[in-house]
Amino acid sequence: MSHKTVVVYGAATIGQELVQAVATAGCDVILIDHSEEMLKKGLDRVEAALDAEIARWGLTTGEKRAIMSRIKSSTQVNDAAKGWLVIETLKETLEVKRQLFKELDVICKPETILASNSATISITEISADCKHPQRTIAMHFQSPIAKVPLVEISRGLKTDEATFAAAVRFANMMHKTTISVYDCPGFVTTRIILPMINQAVKVLEEGIAPCEQIDTAMKLGFGLNAGPLSLADKIGIDTVVFYLENLYTETFDQSYLPAKLLKKLVRAGYKGVKSNRGFYRYGEDGLRIDNSGLKIEQLTQATAR
Amino acid sequence: MKVLVLNCGSSSIKYQLFDMTNTTVMAKGLIQRVGMAGSTVDYRKGDDGKKKVYECDVLDHKIGIQKIFELLTSGEDAVLKSLEEIGAVGHRIVHGGDKFSNSVLIDAEVKKAISDCIVFAPLHNPPNLKGVEAVDEILPKIKQVAVFDTAFHQTMKPEAYIYAIPYMFYEKHRIRRYGFHGTSHRYVASRAAKLLGKPLNELKLITVHLGNGCSVCAIDKGRSLDTSMGHTPLEGLAMGTRCGDLDPALILHIMKQYELTISEMDNLLNKHSGVLGISQISSDLRDLEDDWPNKSERANLALNVYSHRIKKYIGAYMAVLDGCDAVIWTAGVGENSPIVRGIVHGEMSWLGIKLDLEKNEVTWRGAEGDITTPDSKVKELVIPTNEELVIAQDTMECIS
């Protein structure tokens, strides 16, 4: 075991991006997922993402080889013991995360830092069943991790100073700026962006403007990289709903009550980029198809079907 | 007196121990992958002893330097009985801004100045400084000297170092041409004076340093008048992977068209350009010269662009110097590429250069000498550079 090795738990989108970013920063990293298939898919995606970077001149082929050589994968939870830091990127539900933390707490040495990438669940709650909660912390990396130079850190009520300091050092080593809060689900970014996405969906529902115009207005008007609907597609509409529900339970603030259309889309399996359809349609390459925004006049049919 | 020379990069440490009583190398080597998994330390006794490679964890520069001290004083290849034999440590420091025109003894103020220059060389000055601090911690009493890459070019006049952009950038942020490879340009110039049998202050020289980075320098009476690298080492000649001179509007155009981020554009210009970018074969000139000129059209094009840019600078610097006694070729490609030297000096007889084709072919692999015909008005000298030696000599001077 090396003090340089980081473990990323969960091979879905955020896990892939995180593995790529950690290995690019020069650390050895083990990606763990119970599914062999997810691991293979995850590593393939990491490689594809690096190739895309090379095509955009962001990386050289030599650098890619070095990055890939730092990445290992495993289906064994026990391999989490090999890292000095374990970052969990599982589904945004309390039970799943709490169960994993309980397991990791036993497997890993007491000084190993256990971090959750959760955006909307209290880290204190996630680590409720841990014997050593002082080493748990929330580190919210935002997608696309390679590009977003920010990590939000949330200390649980039992998190100690050494754990917090190590998390900040790790984020800085990855050339990220950190902001920190005390046990606040939603941190700053998620807390503020969700009501905007929710309002954008309502503006669409009410027929005030079509998808493209809503996104264009917000992008150009406020200098955002992506409009709220396209952002929802990227985050995953199911994840947006999880986030909203978690924050509503946390705050009882009406602005976090999910817009009806969001839930309808999730039920229909229109989860955004990952399912090739959300507010827009996407090709197999994940690129948005032109003029594919959900049409307001088809909404009733599309959602009723 | 024994002097240790250190060149601390972001993930490497080059070192050489000199015995200055007879100017010989006692030991030298390189640590790679500092701060990463799988670090290696190599060590050789003497200038050309057998290289030994050790694998060990080198987590930071201090641990690396400690390892160097350990190898120098213990084991079968030890060259020192104790560290107290080392009289001083000389460091290569990349950027000294406009504060240093000479090598200096390091004190708190110098350290602060090196740290102030981090903004000019964010990749180089921090590890340089870490090296200084590590030695401070291990041998608190030892004298340390900073030898700057930029210092030699501080003799440039404003017309050579001011960019034609709003003057505020110079006044407020010290944005100007600094130039690099100063230690190498200075060394080969003084060596050329010896070979030419004339005092340096009577000579007009153009020195061409072609390594991983490439730069040309116009030297009048031993003083740098102009140099091709600028505020950063990206300007000037086309290099292995760096673009060198470029229409600045292209940067804006390409970033906009391909929606590139600043870091992607930075990579494009620094790592994907130069002869690698043109040839798409290699950044190493040797790969392009292999089977020249039959390798491929693109390999030839890359070599021609590379050489043409050198020719242009030589011509320009002849005008800046109002004459030229000799052109000096140094560093990896300069010392070892008769092909590049041949392309550059084809059709330059009007400027007084007549290459001796045979001498050009045989002067490489560490050979030193004139490669022009006896009637050539301007001489062409190949001189292997030795930056470590200059750093050791400067160190001796600064501590005496």
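Residues numbered from 1 in each chain as written. Chains lettered and ligands numbered in written order. Predicted model: local features only at pLDDT ≥ 70, side-chain atom pairs only at ≥ 80, totals over all residues. Heavy atoms only, no water.

Asker: Looking at this structure, how should I read the overall build of chain A?
Answerer: When helices and strands are counted, chain A shows 12 helices and 8 strands. Computed over its C-alpha atoms, the radius of gyration of chain A comes to 20 Å, within 12% of the 19 Å expected for a compact globule of 305 residues. Along the first, second and third principal axes, the C-alpha set of chain A runs to 60 × 45 × 35 Å. A buried classification covers 49% of the 305 residues belonging to chain A. Long-range pairs, those at least 24 residues apart, make up 66% of the contacts in chain A between residues at least 6 apart in sequence. Counting every atom, chain A has about 14500 Å² of accessible surface; 54% of that belongs to carbon and sulfur. Where the 37 positive side-chain charges of chain A centre and where its 36 negative ones centre are 1 Å apart. (Helix = DSSP H or I, 4+ residues; strand = E, 2+ residues; numbered from the N terminus. Rg over C-alpha atoms; globule rule 2.2 N^0.38 Å. Buried < 20%, exposed > 50% of the residue type's maximum accessible area, 1.4 Å probe, protein only. Contact = heavy atoms within 4.5 Å. Areas by Shrake-Rupley, 256 points an atom, 1.4 Å probe, with all protein chains shown as cover. Lys, Arg positive; Asp, Glu negative; His and termini not counted. Charge placed at Lys NZ, Arg CZ, Asp CG, Glu CD.)

Asker: Which parts of the structure should I look at to understand the environment of Leu247(A)?
Answerer: Residues and elements named next belong to chain A. Mapped onto the fold, Leu 247 is located in helix 10 (residues 237–251). Judged by relative accessible area, which is 0%, Leu 247 ranks as buried. For the pair Leu 247 and Val 168, spaced 79 residues apart in the sequence, the C-alpha separation amounts to 25 Å.

Asker: Got a minute to help me understand the interface of chain B and chain A in this structure?
Answerer: Note: interface size is frequently given as the accessible area lost on complex formation between the parts. The partner chain A presents 12 residues to the 13 residues of chain B that form the contact. Taken over both partners, the interface formed by chain B and chain A buries close to 1200 Å², and the fraction arising from carbon and sulfur atoms is 54%. The interface formed by chain B and chain A holds 3 salt bridges in total. Note that Glu63(A) is salt-bridged to Lys271(B), the shortest N-O span being 2.6 Å. Counting across the chain B and chain A interface gives 8 residue pairs in polar contact (both at pLDDT 80 or more). (Buried area = accessible area lost by both parts, 1.4 Å probe. Salt bridge = Lys/Arg side-chain N within 4 Å of Asp/Glu carboxyl O. Polar contact = N/O pair within 3.5 Å; in protein donor to acceptor, adjacent residues only side chain to side chain.)

Asker: Just checking my understanding: could you explain the domain arrangement of chain A for this structure?
Answerer: All names here are of chain A. The domain architecture assigned to chain A consists of domain 1 (6–182) and domain 2 (189–296). If you look at the interface, domain 1 gives 10 residues, while domain 2 gives 6 residues. With both sides pooled, the region where domain 1 packs onto domain 2 buries about 730 Å², and carbon together with sulfur makes up 58% of that total. Where domain 1 meets domain 2, there are 0 salt bridges. Seen at the junction of domain 1 and domain 2, the total is 4 residue pairs in polar contact (both at pLDDT 80 or more). (Domains from an automatic or database assignment.)

Asker: Mind showing me how you'd approach the pairing of strand 5 (residues 113–116) of chain A here?
Answerer: Put simply, side chains in a regular strand alternate between the two faces of the sheet. Residues and elements named next belong to chain A. Side-chain alternation along strand 5 places Ile 113 and Ala 115 on one buried face and Leu 114 and Ser 116 on a second face that is also buried. Here strand 4 (residues 85–88) runs beside strand 5; their pairing, made up of 4 bridges, is parallel. Following the sheet pairing, Glu 88 is matched in strand 5 by Ser 116. For the crossover from strand 4 across helix 4 (residues 94–107) to strand 5, the handedness is right-handed. (Pairing = 2+ DSSP bridges. Right-handed = clockwise from strand over helix to strand, strands pointing away.)

Asker: Hey, could you run me through the packing of helix 7 (residues 189–205) of chain A against helix 10 of chain A in this one?
Answerer: Think of two packed helices as two axes; the pair is described by the angle between the axes and how far apart they sit. Residue and element names in this part refer to chain A. Where helix 7 contacts helix 10, the two axes come as close as 11 Å, and the packing angle between them is 115 degrees. With respect to helix 10, the axis of helix 7 lies roughly perpendicular. As helix 7 packs across helix 10, the resulting crossing turns out to be left-handed. Contacts between helix 7 and helix 10 involve Thr 190, Arg 191, Leu 194, Ile 197 and Asn 198 from the former and Val 240, Tyr 243, Leu 244, Leu 247 and Thr 251 from the latter. In the contact of helix 7 with helix 10, the residues fall into 6 nonpolar, 3 polar and 1 charged. (Axes fitted to C-alpha atoms, helices over the stretch in contact; angles between N-to-C directions. Parallel < 35°, antiparallel > 145°, perpendicular 65-115°, else oblique. Left-handed = near helix turned anticlockwise from the far one by under 90°. Nonpolar A, V, L, I, M, F, W, Y, C, P; charged D, E, K, R; others polar.)

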